[in-house]
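These are the residues of each chain, in order.
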Amino acid sequence: MANFNIDAKKDMTYDAIVIGSGISGGWAAKELCESGLKTLVLERGRLVEHVIDYPTMNNDPWDTELRGAAAAEELKERQINARTGFVGENNIHFFAKDDENPYKEVKPFMWVRANQMGGRSLLWGKQCYRWSDLDFEANAKDGHGVDWPIRYNDIKDWYTYVEKFAGISGEAIGLPQLPDSHFLPPMELNCVEKDVKKRIEKEFPGRNMIIGRVAHLTEPLNGRGQCQSRNRCDRGCPYGAYFSSNAVTLPAANATGNLTIRPFSLADSIIYDEEKGKAVGVRVIDSETKEVLEYYAKIVFCNASTIGTTQLLLNSTSNRFENGLGNDSGELGHNLMDHTYRVGAMGKFEGHEDGYYKGRRPNGIYIPRYRNIDEKSTTDKFLRGYGYQGGAGRANWGAGANQEAFGGEFKDALMKPGDWEFFITGFAECLPYHENQVSLDKDKLDKWGRPTLVIDAEFKENELAINKQIQIDAVEMLEKAGLKDIVGFDNEHGMGYGIHEMGTARMGKDPKTSVLNATNQVHAVKNVFVTDGACMTSSSCVNPSLTYMALTARAANHAVSELKKKNL
């Protein structure tokens with residue numbers, strides 16, 4: 001694996017520093033290293049090497065004391081992460097301890113953190129969708145937020161570039177609101193999903209149901225194996241079948257000989273040189289020894305996650321930037337967004353009793369946005385739109401839990417496939433509200449002496465109106481598709497459950513109203529780039545990670561070009 005800078009040489013100088021090693025940080029490291037730049041990656045957590053550090057990747061339920069459930073004592077250390085419902089005995093080591101990473105929730109906000117090499121790229125949902133001009137033009141058309149400084153054509157080729165390397169499986173259907181990617185063969189819908197698809201598309205012209213577009217390999221690519229349908233992704237995939245920094249981009253960066261990774265490195269602040277008018281390095285706190293170190297470079301890429309990056313920028317103060325690096329507009333920390341989630345419908349499907357499926361496909365169905373995409377589909381109930389994810393499956397022996405039955409007949413019944421069930425849950429766009437914000441609490445410090453964060457954000461009238469429509473449409477679609485015992489649901493929750501935090505250091509055309517320019521550079525400090533979710537100017541209704549990848553590769557290409565011209 002990479003060179004590991006654990007000697008903490010204070011005089012170390014690199015061509016580039018990348019802060020964070022998750023999805024966007026891994027891409028920044030790969031692109032910069034492959035361009036010949038000696039690159040230091042600062043990771044606040046421990047090292048996690050591909051395969052070597054996946055201790056539970058092959059566990060079966062009987063291999064763990066609690067059959068996969070996390071122990072109560074361990075959950076106490078991760079109360080916020082545990083709200084996801086995804087934390088278990090086999091993946092708990094990939095979730096950060098909350099008491100070591102405190103923040104204040106003015107309103108409920110679930111901030112999921114994974115502080116290790118690879119970050120949340122080890123835990124993400126792998127759903128990958130391109131954004132369209134419906135998304136990039138939305139702010140300009142309805143006046144919420146500021147206009148994006150780019151359009152789809154500015155990023156189109158970069159989507160293709162990252163898709164070819166990451167490996168995205170899916171089906172091309174030619175929708176303008178959901179541009180097709182460079183696809184590997186799609187995963188297959190099961191028999192019930194195929195039936196439901198036919199009925200929804202027949203009963204609701206203009207609505208489509210497709211297999212999810214995902215960063216799972218359906219055929220080998222660049223030495224990585226294809227998905228084995230184990231659905232144990234959140235433990236780390238020994239085949240490298242899903243995209244993670246650990247399996248894909250960091251090994252590619254390391255192969256150049258230009259990569260150095262320094263673990264246990266809390267990026268405290270970016271060092272700004274007022275005479276030079278640019279950043280010259282990063283001040284780091286060793287998270288184990290609390291030693292303060294400084295590393296220097298010509299360019300700095302911020303990829304510490306949406307909120308983590310903004311925390312770093314807010315803490316990077318100087319005479320020039322008293323309120324945070326690059327915060328001339330006053331927008332740093334504002335316009336925090338997430339997708340609404342956990343609202344939809346479920347039901348039972350009668351038929352296909354003799355039908356089943358093989359394996360545990362780590363993917364589901366997707367129903368692309370169909371509201372407010374043109375004049376015919378426009379509604380006056382809300383702005384923007386939503387899509388659905390979901391799927392069909394058969395109940396298994398788990399259906400016997402919490403039942404009063406017992407005995408041999410009951411046990412025999414559990415060995416038979418249960419009823420077919422189908423569900424869909426919506427993901428809706430959140431508008432960029434200035435008042436949804438993060439800020440520093442300089443009176444409450446973490447264990448390393450850094451100001452903690454205060455998060456003050458909520459869904460508002462427009463998002464609640466969309467959620468109402470999501471449930472109505474979900475119930476109606478399932479009824480028309482022939483489902484029985486349909487239950488609509490809206491598990492009302494605060495922000496953060498979508499785990500798609502975006503905004504707080506938005507891109508824009510005008511330095512007076514935005515933090516970053518069209519190539520992800522801080523307007524006033526051109527050698528500092530932000531390419532994680534903090535840069536987003538709006539939130540679309542589709543998953544954002546593929547866009548982070550494309551924006552990062554594009555920005556790294558620009559950074560190298562500007563370095564060669566001696567403009568940075």
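From a predicted model like this one, the values you see are computed outputs, not experimental measurements. (Residues numbered from 1 in each chain as written. Predicted model: local features only at pLDDT ≥ 70, side-chain atom pairs only at ≥ 80, totals over all residues. Heavy atoms only, no water.)

Topic: the packing of aromatic side chains
Note the threshold: Planes of paired rings set the category: under 30 degrees apart is stacked, over 60 is edge-to-face and the rest tilted, where pairs are Phe, Tyr or Trp rings (Trp by its six-membered ring) whose centres lie within 6.5 Å. Each helix corresponds to a stretch of at least 4 residues labelled H or I by DSSP, and each strand to a stretch of at least 2 residues labelled E; elements are numbered beginning at the N terminus. Partly exposed describes any residue whose relative accessible area lies between the buried limit of under 20% and the exposed limit of over 50%, with all areas from a 1.4 Å probe on protein chains only and scaled to the type maximum. Put simply, a charge is over a ring when the Lys NZ or the Arg CZ is close to the ring centre, within 6 Å, and near the line of the ring normal, within 35 degrees.
Applying the stated criterion across every chain, the model contains 19 aromatic pairs. Each ring, one from Y370 and one from Y386, has its centre 5.7 Å from the other, and the planes form 80°; the classification is edge-to-face. With Y370 in the loop between β14 (365–367) and β15 (386–394) and Y386 in strand β15, the pair connects residues that are 16 residues apart, well separated along the chain. By relative accessible area, Y370 is classed as buried at 6%. Judged by relative accessible area, which is 0%, Y386 ranks as buried. Lying over the aromatic face of Y242, K126 brings its terminal NZ or CZ to 4.4 Å of the ring centre.

Regarding the layout of surface pockets
Inclusion rule: Using only the protein atoms, space was sampled on a 1 Å grid; points where a 1.4 Å probe fits but cannot get out form cavities, open sets with protein on both sides within 12 Å along at least five of seven lines form pockets, and lining residues are those with an atom within 4 Å of a point. Grid points are joined across faces, edges and corners, and a volume is the space filled by probe spheres set on the points. As a working rule, the residues Ala, Val, Leu, Ile, Met, Phe, Trp, Tyr, Cys and Pro are called nonpolar, Asp, Glu, Lys and Arg charged, and the rest polar, with Gly in that last group.
Taken as a whole, the second largest pocket encloses approximately 380 Å³ of empty space. Considering the residues around the second largest pocket, the lining is formed by 18 residues, among which G45, R46, K97, E100 and N115 are closest to the centre. In the lining of the second largest pocket, the residues fall into 5 nonpolar, 6 polar and 7 charged.

Considerations on the side chain of S377
Note the following rule: A 3.5 Å cut-off defines polar contacts: any pair of N or O atoms within that distance qualifies, except that in protein one atom must be a possible hydrogen donor and the other a possible acceptor, and neighbouring residues in sequence count only when both atoms are side-chain atoms.
As for its placement among the helices and strands, S377 is situated in the loop between β14 and β15. Exposure remark for S377: the relative accessible area of 14% places this residue in the buried category. One polar contact links the side chain of S377 to the main-chain amide nitrogen of I373, over a distance of 2.9 Å.

Looking at the pattern of salt bridges
The following threshold applies: When a carboxyl oxygen of Asp or Glu lies within 4 Å of a side-chain nitrogen of Lys or Arg, that pair is called a salt bridge.
Enumeration according to the criterion identifies 32 salt bridges in this entry. Two residues, E73 and K76, come together in a salt bridge whose shortest N-O distance is 3.3 Å. With E73 and K76 both in helix α2 (residues 72–76) and 3 residues apart, the pair spans about one turn of that helix. When its relative accessible area of 57% is taken as the criterion, K76 is described as exposed. In this structure, the salt-bridge partner of K509 is D147, at a minimum N-O distance of 2.8 Å. Placement of K509 in the loop between β19 (484–490) and β20 (521–522) and of D147 in the loop between α5 (138–142) and α6 (152–166) is noted, with a sequence separation of 362 residues between them. The exposure class of K509 is exposed, given its relative accessible area of 56%. By relative accessible area, which is 18% here, D147 ends up buried. One network of salt bridges, with partners in common, ties together E137, K141, D147, R151 and K509.

A look at the UniProt feature "domain: Glucose-methanol-choline oxidoreductase C-terminal" (unreviewed entry) in the protein
Going by this rule: UniProt positions are given in the numbering used here, feature names are shortened, and annotations may be inferred rather than shown by experiment.
As annotated by UniProt and renumbered to match this structure, "domain: Glucose-methanol-choline oxidoreductase C-terminal" (unreviewed entry) occupies residues 432–551. Between the first and last C-alpha atoms of residues 432–551 the distance is 19 Å; the span itself is 22% helix and 25% strand.

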